[in-house]
Amino acid sequence: MKKMISFWAFLFALVTIVAVIAILVKAKPLDIKCDATLDYELSNQNDVFSYSVTHNITLSRDGSGYDHIRGAVYNDGKSYALARTVYFSYKSDAAGDAHNFSVDEQRLSGIDNVPDSLISQYLTYLLPKEKRLFTLNMLNGNKILISTYQGPYFICNIS
Amino acid sequence: MSQMSYILNENVLYRFDDGTLQLLANDEDDIVLLTPVINRMLYLLVSRQGEVISKEEFLEKVWDEYGRNGSTNTLSQYISTLRKLLGKYLDNSDVIITVPKQGYMFSRDIEIRRHESDVLNKVQEPAESKVDNHADIADVTLPQTKKREKSLPFAFKVSVAVLIFSLPLALAYFWPAKISDKTVYRLGDMEGCPLYSFIKYPSKDVEFEVLNIANELRERKNLDCVNNAVFYIYANANSLHSNSGSYIMLSRCINNAKNHDTCITSQTSRWQQ
């Protein structure tokens, strides 16, 4: 009987160790909902491109997510309504901080009238099949700092 | 001292207290001494002839009550031995009848009567110390075998095992990502609100320069210092030395009730100016 108990205890310990290793090394899913307000301004000689938008971002455990983007885009003295949802999938690295995002689809609402040329020039990360590497870090326990290759991008308030 | 003895089919004398079987036609040299276990089993069967005795009751009254461990396998072996013994003495191979899924029964075909000298004696339970004296009879001795398993249904055991082993694996699968904390460095205050940087600048002079950049952007974007507001800034190297290729990010977060922050982020990039 003692041998039997030892065997099962050993087996359970083994499974637990495997599980702990799996926790440490596997790509970890995120489960996050956050929102952010972002004002962006790009000056290129006399050309100024800017936008003011809100992001409502949801990341699910299954490696998918979406971003509801609402706001206005300004360029060359004109303003455009930006209202679309970007659906994406993501893969996290083992460490859990860096995440490869790939846009699967974007759905435009009826009021969205941002010209494709502007999207292609300044907002490429919204385009389907676009890939981006984002880094996520907690800030003060209740916010997420989203960074890109060029540095911190914006702060997202956890919903 | 009471004597419990039975005469089986008028030719075999069974003495429980001595644990003996004796052919009445022969002399005492033909007495067979039973092991304590066999003796208790035979007593149970004989004393309740015609009644089905369950395996559980056998295990309880023959083993458990005497501090021994028995199992259904052990019981089967002893029953088999007892059958052979009784078959030989009574010339009947069906003395002990197996009742499927119920137990064993001493055949009603065997005539049993209490021995005359014992008729007035009261039936009592056997004493372990008494029967232990007969423990060394080779031809009816069986080894003490493994402990009886009061087993739960197999499906239940399998289910419990699967559940237990799947717990760590499920935990591994659903374990949420631990997003690491971002270290921030305090650069100073802007109108009384603290300003933090995401990177550590090399000198106080640079920190002062970044503080000025933050103030300029804060004023331009109308990000006032209000109650519970905190500012965060990131300014790349180009923003410190020239305007081309500069990238500045300034966030103002206001902490509301329930530790919920509302942040506004402003970014400026400049090229070839």
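This report concerns the structure included in the present document. (Residues numbered from 1 in each chain as written. Chains lettered and ligands numbered in written order. Predicted model: local features only at pLDDT ≥ 70, side-chain atom pairs only at ≥ 80, totals over all residues. Heavy atoms only, no water.)

**Observations regarding the pairing of strand β5 (residues 98-108) of chain A**
Residues and elements named next belong to chain A.
- Where strand β4 (residues 78-92) meets β5, 9 bridges bridge the pair, whose relative direction is antiparallel. Counterpart to Tyr87 in the pairing with β5 is Glu105.
- Bridging between β5 and strand β6 (residues 131-139) involves 5 bridges; their strand directions are antiparallel. For Asn100, the partnering residue across the bridge sits in β6 and is Leu133. (Pairing = 2+ DSSP bridges. Helix = DSSP H or I, 4+ residues; strand = E, 2+ residues; numbered from the N terminus.)

**Points about helix α3 (residues 72-90) of chain B**
- The first and last C-alpha atoms of α3 of chain B sit 26 Å apart over 19 residues, in line with the 27 Å expected at 1.5 Å per residue.
- Downstream of α3 of chain B by one or two residues, Asp91 of chain B has phi in the positive range, about 55 degrees. (Expected span 1.5 Å × (residues − 1).)

**Observations regarding the interface of chain A and chain B**
- Listed by partner, the interface residues are 41 residues for chain A and 42 residues for chain B.
- Between chain A and chain B, the buried area comes to about 3,800 Å², and carbon and sulfur atoms account for 57% of it.
- At the surface where chain A touches chain B, the tally comes to 3 salt bridges.
- A salt bridge links Glu41 of chain A to Lys221 of chain B; its shortest N-O distance comes to 3.6 Å.
- At the boundary of chain A and chain B, one finds 17 residue pairs in polar contact (both at pLDDT 80 or more).
- At the level of elements, α1 (2-25), β1 (32-44), β6, β7 (143-148) and β8 (151-158) of chain A are the ones that each hand at least two residues to the side of chain A that touches chain B.
- Sheet topology note: the β1 of chain A/strand β13 (residues 261-271) of chain B ladder contains 8 bridges and is parallel. Paired with Glu41 of chain A across the two strands is Thr268 of chain B, which belongs to β13 of chain B. (Contact = heavy atoms within 4.5 Å. Buried area = accessible area lost by both parts, 1.4 Å probe. Salt bridge = Lys/Arg side-chain N within 4 Å of Asp/Glu carboxyl O. Polar contact = N/O pair within 3.5 Å; in protein donor to acceptor, adjacent residues only side chain to side chain.)

**Comments concerning unusual backbone geometry**
Residue and element names in this part refer to chain B.
- Of note in the backbone geometry, Asn9 takes a positive phi value of approximately 50 degrees without being a glycine.
- Summarising the element assignment, Asn9 is placed in the loop between β1 (5-8) and β2 (12-15).
- Take Asn9: its relative accessible area is 28%, and that puts it in the partly exposed class.
- Residues other than glycine seldom take positive phi values, yet Glu191 does so here, at roughly 55 degrees.
- By relative accessible area, Glu191 is classed as exposed at 57%. (Buried < 20%, exposed > 50% of the residue type's maximum accessible area, 1.4 Å probe, protein only.)

**Points about the state of the cysteines**
Residues and elements named next belong to chain B.
- Using the criterion set out here, one finds 3 disulfides over all chains in the structure.
- Each disulfide pairs two cysteine sulfurs, and for Cys193 the partner residue is Cys225, the sulfurs being separated by 1.7 Å. The disulfide joining Cys193 to Cys225 has a torsion of about 85 degrees about its S-S bond and is therefore right-handed. Of this pair, Cys193 sits in strand β10 (residues 193-197) while Cys225 sits in the loop between α6 (204-220) and β11 (229-235), and the two are 32 residues apart along the sequence.
- With a relative accessible area of 2%, Cys193 lands in the buried category. (Disulfide = S-S within 2.5 Å.)

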